[in-house]
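# Breakdown of the fold
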Amino acid sequence: MKAMKKNLPVLFVIFGGSGDLAHRKLYPALFNLFRKGALQDNFAVVGTARRPWSDDYFQETVQQAIIENVKDVEDKLVTEFSQHFFYQSHDVTDESHYIELNNKISQLETQFNTQGNRTFYLAMSPQFFGTISQHLRAQKLVTDTGYNRLVVEKPFGHDLESAKVLNQQIGDSFDEKDVYRIDHYLGKQMIQNIMYLRLTNPLFDSVWDSNHIKNVQITLAESLGVENRGGYYETAGALRDMVQNHIFQIASQVAMKKPKSLTSADIHQAKQDVLNSIQMYDSDEVNRFFVRGQYDGNHSENSYRKEEQVSPDSTVETFVSGKLLFKEGPLKNVPFYIRTGKKLAQKTTRVDLVLKSSHDLFEENQDNVISIEIDPENKLTVTLNGKQLSQTDLSSLQMKFAYTQDEVAQIPDAYEKLFYDFLIGDRTNFVHWHEVKTTWDFIDRIEKTWQEDSRQPFAYQNGSMGPKEVSQIFEGTKDSWIFKG
Ligand code: NAD
């Protein structure tokens, strides 16, 4: 195992330093890296937002974020950590503010000896990503000493066209190699484990192909509704919010060929090759292979349309299911059935690989299934056929591996893992522009078909696994969902 690098010198600027993401995820991730020694004396953080906060007040909010979100913390360490944080009131559209920000950064670089390494983290509304990155170059915050890295949150664009514009704006200031597009699913332990499992075990490696695998099922189910994010959700929907990024990232790791090596470049190449081969659908195929739903569309008190900031006649989908087909790679032409939605029966993120039956001697023979549970469990289950104890009948057996509670407690949060990765310049678990481009191209075709369709999304009951019409994605096969909720 590679030892964690210690005392990495860096100056962070967090745009959106007073926001929810910074409070719940970013400060706790930084604290855990401080506690483990990856960050020590030579780091400083400048938080920026519009509010006129003092450094002292900002440090208190950072301390609060740690106390609320990290277990077993020592007060002394929290205080010591917060002394690396400074605040700059900043309107991202105001040129003069970047000059003031640069002065503050330069002073802190000397104070903390951060060796000119700068990381700009954009934790705010995506509409500002382009503006900020252009100002960073124009007002000379991007320098020639040390590295300059840009970390951007999702969503990266709203469709292919807007993503291209954004990428162009960012590309004017930063090289692709310095842009870290976050998909926090890539920081999850069991998603990272997919590659280890499939590439290092002959047991899996030898069946990871279209001769043996009948279909792959990816489920990202949430039990909650849109909560207080109705306004954002009305502009996105399940397809943009979950499929374009998280589901495609998981699918490409499952479907890609073995990379030439474990370098970030070779892994991205393998992912891109398989994504390039995705079957793009015309509108007839979209209607056959994709189904959208909305929770409790019957205008009851619990319906999506009654949520705050949601239009009473909204046609935005809170559920989507579909079939993907890759034309290259080991799983060439194997159906990938995907689904994601809100207010479903159970919160779970999982991948089920269903194997073809190898013989027909037993009538009860069931499909072997490799199930990788990502969230909330970190578990691998292989469903096999075997003999019942003291009987001659064939029965379904399960071989399970789950991390213990103690081990799970040790798993770094996805953000902590990703922070460490971009601190050491490892881009493996970040999304390459080519991946963004291809997946938006696929998504846009579905969105276009839906926009031209006067029909409403199918209604589904809260606590179900989506509308009953989902079964149409299995058209012409005997396939069905492994996870039934
Ligand atoms: P938020 O609304 O809580 O915070 C936004 C921040 O931006 C605040 O600090 C605000 O002061 C600042 N801001 C807004 N306009 C500004 C301006 N003109 N100049 C300077 N500062 C300005 O948002 P959030 O939930 O923290 O989300 C931030 C980003 O992270 C978004 O891109 C979101 O999609 C993404 N994201 C958030 C979550 C989450 O759990 N909150 C999860 C995944 C992705």
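Our subject is the structure that appears above.
The shown structure was predicted, so the numbers you read here are calculated from the model rather than taken from an experiment. (Residues numbered from 1 in each chain as written. Predicted model: local features only at pLDDT ≥ 70, side-chain atom pairs only at ≥ 80, totals over all residues. Heavy atoms only, no water.)

Next up on the list: the site of the ligand. In the vicinity of the ligand, 19 residues are found, and the nearest of them are Ser18, Asp20, Leu21, Arg24 and Met124. Between an oxygen atom of the ligand and a main-chain N or O atom of glycine 19, the distance comes to 3.1 Å. Between a nitrogen atom of the ligand and a side-chain N or O atom of aspartate 20, the distance comes to 2.7 Å. Protein contacts shield 76% of the accessible area of the ligand, which totals 840 Å² for the unbound molecule. Broken down by element, the residue count for the shell around the ligand peaks at three residues, all from helix α1 (residues 20-36). Across the shell around the ligand, the residue classes break down as eight nonpolar, five polar and six charged. (Near = heavy atom within 4 Å. Polar contact = N/O pair within 3.5 Å; in protein donor to acceptor, adjacent residues only side chain to side chain. Areas by Shrake-Rupley, 256 points an atom, 1.4 Å probe, with all protein chains shown as cover. Helix = DSSP H or I, 4+ residues; strand = E, 2+ residues; numbered from the N terminus. Nonpolar A, V, L, I, M, F, W, Y, C, P; charged D, E, K, R; others polar.)

This part takes up the sheet that holds strand β7 (residues 213-221). Read across the sheet, nine strands follow the order β14-β13-β12-β11-β7-β10-β9-β8-β15 without closing on themselves; strand pairing throughout is mixed. Both edges of this open sheet fall to β14 (394-402) and β15 (458-460), since each of them pairs with a single strand only. When strand polarity is set aside, the average angle formed by the axes of neighbouring strands in this sheet is 20 degrees. As paired strands, strand β8 (residues 290-295) and β15 are joined by three bridges and run parallel to one another. Bridging from a neighbouring strand, glycine 293 pairs with phenylalanine 458 of β15. Of the strands in this sheet, β12 (369-375) and β13 (379-387) touch helix α7 (residues 189-200), which is tilted by about 150 degrees from β12. (Pairing = 2+ DSSP bridges. Axes fitted to C-alpha atoms, helices over the stretch in contact; angles between N-to-C directions. Contact = heavy atoms within 4.5 Å.)

In this model, lysine 154 is joined to proline 155 through a cis peptide bond whose omega is 0 degrees. In this fold, proline 155 is placed in the loop between β5 (148-152) and α6 (160-171). Cis geometry marks the peptide bond from aspartate 375 to proline 376; its omega dihedral reads -5 degrees. Take proline 376: it is sitting in the loop between β12 and β13. Phi is positive for asparagine 333, which is not a glycine, with a value near 65 degrees. Within the secondary structure, asparagine 333 is located in the loop between β9 (319-324) and β10 (336-341). Since its relative accessible area comes to 42%, asparagine 333 is described here as partly exposed. One non-glycine residue, lysine 343, lies in positive phi territory at about 55 degrees. (Buried < 20%, exposed > 50% of the residue type's maximum accessible area, 1.4 Å probe, protein only.)

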